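# Examining the three-dimensional arrangement
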Amino acid sequence: MLKALHIALAYLTVAGFILRAFWALSDSPLRQQKWVKIAPHVVDTLLLAMGVALAVQLSISPFAGWLAAKLVGLLAYIGFGVLTMRAPSRALQAVGLLGALASVGYIFAVAFTRQIWPL
Ligand code: HEM
(Lines give C-alpha, C1' and ligand atoms only; values in the text may rest on other atoms or scores of the structure.)
Protein backbone atom coordinates (compact mmCIF):
# COMPACT_ATOMS: atom_id res chain seq x y z
CA MET A 1 0.00 0.00 0.00
CA LEU A 2 2.71 2.44 1.10
CA LYS A 3 4.86 1.34 -1.79
CA ALA A 4 2.02 1.63 -4.33
CA LEU A 5 1.37 5.19 -3.14
CA HIS A 6 5.09 6.01 -3.27
CA ILE A 7 5.28 4.73 -6.87
CA ALA A 8 2.10 6.60 -7.91
CA LEU A 9 3.52 9.85 -6.43
CA ALA A 10 6.82 9.19 -8.23
CA TYR A 11 5.02 9.15 -11.61
CA LEU A 12 2.94 12.16 -10.57
CA THR A 13 5.98 14.31 -9.70
CA VAL A 14 7.53 13.60 -13.12
CA ALA A 15 4.28 14.28 -15.01
CA GLY A 16 3.74 17.51 -13.05
CA PHE A 17 7.34 18.62 -13.58
CA ILE A 18 7.16 18.08 -17.36
CA LEU A 19 3.93 20.10 -17.54
CA ARG A 20 5.36 22.99 -15.49
CA ALA A 21 8.62 22.92 -17.45
CA PHE A 22 6.59 23.19 -20.67
CA TRP A 23 4.71 26.18 -19.23
CA ALA A 24 7.95 27.77 -17.97
CA LEU A 25 9.68 27.40 -21.35
CA SER A 26 6.68 28.78 -23.23
CA ASP A 27 6.17 31.62 -20.70
CA SER A 28 2.59 30.47 -20.22
CA PRO A 29 0.45 32.41 -17.73
CA LEU A 30 -0.97 29.01 -16.64
CA ARG A 31 2.06 28.49 -14.39
CA GLN A 32 1.01 31.48 -12.26
CA GLN A 33 -2.12 29.70 -11.00
CA LYS A 34 -2.12 29.20 -7.25
CA TRP A 35 -2.64 25.41 -7.33
CA VAL A 36 0.24 25.00 -9.80
CA LYS A 37 2.55 26.60 -7.23
CA ILE A 38 1.25 24.55 -4.29
CA ALA A 39 0.52 21.07 -5.71
CA PRO A 40 4.16 20.10 -6.52
CA HIS A 41 5.21 20.75 -2.92
CA VAL A 42 2.36 18.60 -1.61
CA VAL A 43 3.21 15.75 -4.03
CA ASP A 44 6.96 15.93 -3.35
CA THR A 45 6.55 16.13 0.43
CA LEU A 46 4.24 13.08 0.38
CA LEU A 47 6.66 11.23 -1.94
CA LEU A 48 9.53 11.90 0.46
CA ALA A 49 7.43 10.99 3.52
CA MET A 50 6.33 7.67 1.94
CA GLY A 51 9.93 6.95 0.95
CA VAL A 52 11.15 7.58 4.49
CA ALA A 53 8.31 5.42 5.88
CA LEU A 54 9.24 2.60 3.47
CA ALA A 55 12.91 2.84 4.44
CA VAL A 56 12.00 2.68 8.15
CA GLN A 57 9.59 -0.23 7.56
CA LEU A 58 12.23 -2.19 5.64
CA SER A 59 15.11 -1.09 7.94
CA ILE A 60 17.15 0.29 5.03
CA SER A 61 19.82 2.88 5.92
CA PRO A 62 19.57 6.11 3.93
CA PHE A 63 23.31 6.69 4.36
CA ALA A 64 24.55 3.70 2.40
CA GLY A 65 23.97 1.83 -0.81
CA TRP A 66 21.22 2.44 -3.33
CA LEU A 67 19.03 4.55 -1.04
CA ALA A 68 21.87 7.05 -0.52
CA ALA A 69 22.30 7.12 -4.33
CA LYS A 70 18.57 7.88 -4.68
CA LEU A 71 18.87 10.78 -2.24
CA VAL A 72 21.83 12.23 -4.16
CA GLY A 73 19.71 11.87 -7.32
CA LEU A 74 16.85 13.61 -5.51
CA LEU A 75 19.08 16.61 -4.64
CA ALA A 76 20.14 16.84 -8.30
CA TYR A 77 16.47 16.60 -9.42
CA ILE A 78 15.53 19.47 -7.08
CA GLY A 79 18.50 21.62 -8.15
CA PHE A 80 17.91 21.12 -11.88
CA GLY A 81 14.18 21.64 -11.28
CA VAL A 82 14.80 25.06 -9.71
CA LEU A 83 17.07 25.93 -12.66
CA THR A 84 14.30 24.96 -15.11
CA MET A 85 11.73 27.18 -13.40
CA ARG A 86 13.92 30.18 -12.50
CA ALA A 87 16.87 30.43 -14.91
CA PRO A 88 17.02 33.80 -16.68
CA SER A 89 17.65 32.35 -20.14
CA ARG A 90 16.01 29.68 -22.33
CA ALA A 91 19.35 27.90 -22.74
CA LEU A 92 19.84 27.53 -18.99
CA GLN A 93 16.22 26.45 -18.56
CA ALA A 94 16.80 23.76 -21.20
CA VAL A 95 19.92 22.60 -19.31
CA GLY A 96 17.78 22.43 -16.17
CA LEU A 97 15.11 20.40 -17.95
CA LEU A 98 17.58 17.88 -19.38
CA GLY A 99 19.40 17.60 -16.04
CA ALA A 100 16.17 17.09 -14.10
CA LEU A 101 14.93 14.40 -16.51
CA ALA A 102 18.29 12.61 -16.36
CA SER A 103 18.30 12.81 -12.54
CA VAL A 104 14.78 11.48 -12.10
CA GLY A 105 15.49 8.78 -14.72
CA TYR A 106 18.49 7.75 -12.63
CA ILE A 107 16.32 7.68 -9.46
CA PHE A 108 13.80 5.38 -11.19
CA ALA A 109 16.58 3.10 -12.48
CA VAL A 110 18.12 2.89 -8.99
CA ALA A 111 14.67 2.25 -7.43
CA PHE A 112 13.87 -0.61 -9.82
CA THR A 113 17.29 -2.31 -9.82
CA ARG A 114 18.47 -1.38 -6.30
CA GLN A 115 21.88 -0.80 -7.86
CA ILE A 116 23.90 2.42 -7.48
CA TRP A 117 25.10 2.01 -11.06
CA PRO A 118 21.97 0.56 -12.69
CA LEU A 119 23.23 -0.65 -16.09
C1 HEM B 1 11.85 11.61 -7.02
C2 HEM B 1 11.99 10.81 -5.99
C3 HEM B 1 11.68 9.34 -5.97
C4 HEM B 1 11.25 8.50 -6.97
C5 HEM B 1 10.98 8.86 -8.43
C6 HEM B 1 11.11 7.18 -6.39
C7 HEM B 1 10.68 6.06 -7.07
C8 HEM B 1 10.53 4.80 -6.53
C9 HEM B 1 10.00 3.64 -7.22
C10 HEM B 1 9.51 3.64 -8.67
C11 HEM B 1 10.05 2.58 -6.35
C12 HEM B 1 9.57 1.15 -6.61
C13 HEM B 1 10.69 0.21 -6.95
C14 HEM B 1 10.18 -1.20 -7.11
O15 HEM B 1 9.20 -1.43 -7.82
O16 HEM B 1 10.75 -2.09 -6.49
C17 HEM B 1 10.60 3.07 -5.12
C18 HEM B 1 10.85 2.28 -4.00
C19 HEM B 1 11.40 2.75 -2.83
N20 HEM B 1 11.68 4.05 -2.50
FE21 HEM B 1 11.52 5.65 -3.76
N22 HEM B 1 11.46 7.22 -5.07
C23 HEM B 1 11.82 8.53 -4.78
C24 HEM B 1 12.24 9.02 -3.55
C25 HEM B 1 12.48 8.24 -2.43
C26 HEM B 1 12.99 8.72 -1.18
C27 HEM B 1 13.33 10.20 -0.91
C28 HEM B 1 13.11 7.67 -0.34
C29 HEM B 1 13.59 7.58 1.08
C30 HEM B 1 14.04 8.54 1.80
C31 HEM B 1 12.65 6.50 -1.05
C32 HEM B 1 12.62 5.22 -0.56
C33 HEM B 1 12.19 4.10 -1.22
C34 HEM B 1 12.26 2.74 -0.69
C35 HEM B 1 12.79 2.35 0.70
C36 HEM B 1 11.79 1.89 -1.70
C37 HEM B 1 11.81 0.37 -1.67
C38 HEM B 1 10.60 -0.34 -1.41
C39 HEM B 1 10.86 -1.85 -1.47
O40 HEM B 1 11.99 -2.28 -1.67
O41 HEM B 1 9.90 -2.56 -1.31
N42 HEM B 1 12.28 6.89 -2.33
N43 HEM B 1 10.89 4.40 -5.24
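So, here's what we can say about the structure. Everything numeric here is computed off the predicted structure, so don't read it as measured data.

## What to know about the site of the ligand
Looking at the ligand, there are 24 residues lining it, with Ala10, Gly51, Leu54, Ala55 and Ala111 nearest. Counting only elements with at least two residues in the shell around the ligand, the list comes to α1 (2-25), α2 (34-57), α3 (65-86) and α4 (90-113). The biggest single contributor to the shell around the ligand is α2, with six residues. Within the shell around the ligand, the residues separate by chemical class into 19 nonpolar, three polar and two charged.

## Observations concerning the nonpolar core
Nonpolar side chains tend toward joint burial in soluble globular proteins. In terms of nonpolar packing, the biggest core is built from eleven residues, these being Phe17, Ala21, Ala69, Tyr77, Phe80, Leu97, Ala100, Val104, Tyr106, Ile107 and Val110. Listed by contribution, the elements that provide at least two residues to this core are α1, α3 and α4. Ranked by residues supplied to this core, first place goes to α4 with six residues. If we skip the residues at most four places from it in the chain, Leu97 touches Ala21 and Thr84.

## Digging into the packing of α1 against α3
When two helices pack together, their arrangement is given by the angle between the helix axes and the distance between those axes. As a packed pair, α1 and α3 sit with axes 8 Å apart at the nearest point and diverge in direction by 30°. Looking at the two axes, α1 sits roughly parallel to α3. Of the residues in α3, those touching α1 at Phe17, Arg20, Ala21 and Ala24 are Gly81, Thr84 and Met85. Along the lines of polarity and charge, the residues of the contact of α1 with α3 split into four nonpolar, two polar and one charged.

What counts as what
Residues numbered from 1 in each chain as written. Predicted model: local features only at pLDDT ≥ 70, side-chain atom pairs only at ≥ 80, totals over all residues. Near = placed C-beta within 6 Å. Helix = DSSP H or I, 4+ residues; strand = E, 2+ residues; numbered from the N terminus. Nonpolar A, V, L, I, M, F, W, Y, C, P; charged D, E, K, R; others polar. Core = buried A, V, L, I, M, F, W, Y, C linked by C-beta atoms within 7 Å. Buried ≥ 20, exposed ≤ 12 C-beta atoms within 10 Å, placed from the backbone. Contact = placed C-beta atoms within 7 Å. Axes fitted to C-alpha atoms, helices over the stretch in contact; angles between N-to-C directions. Parallel < 35°, antiparallel > 145°, perpendicular 65-115°, else oblique.

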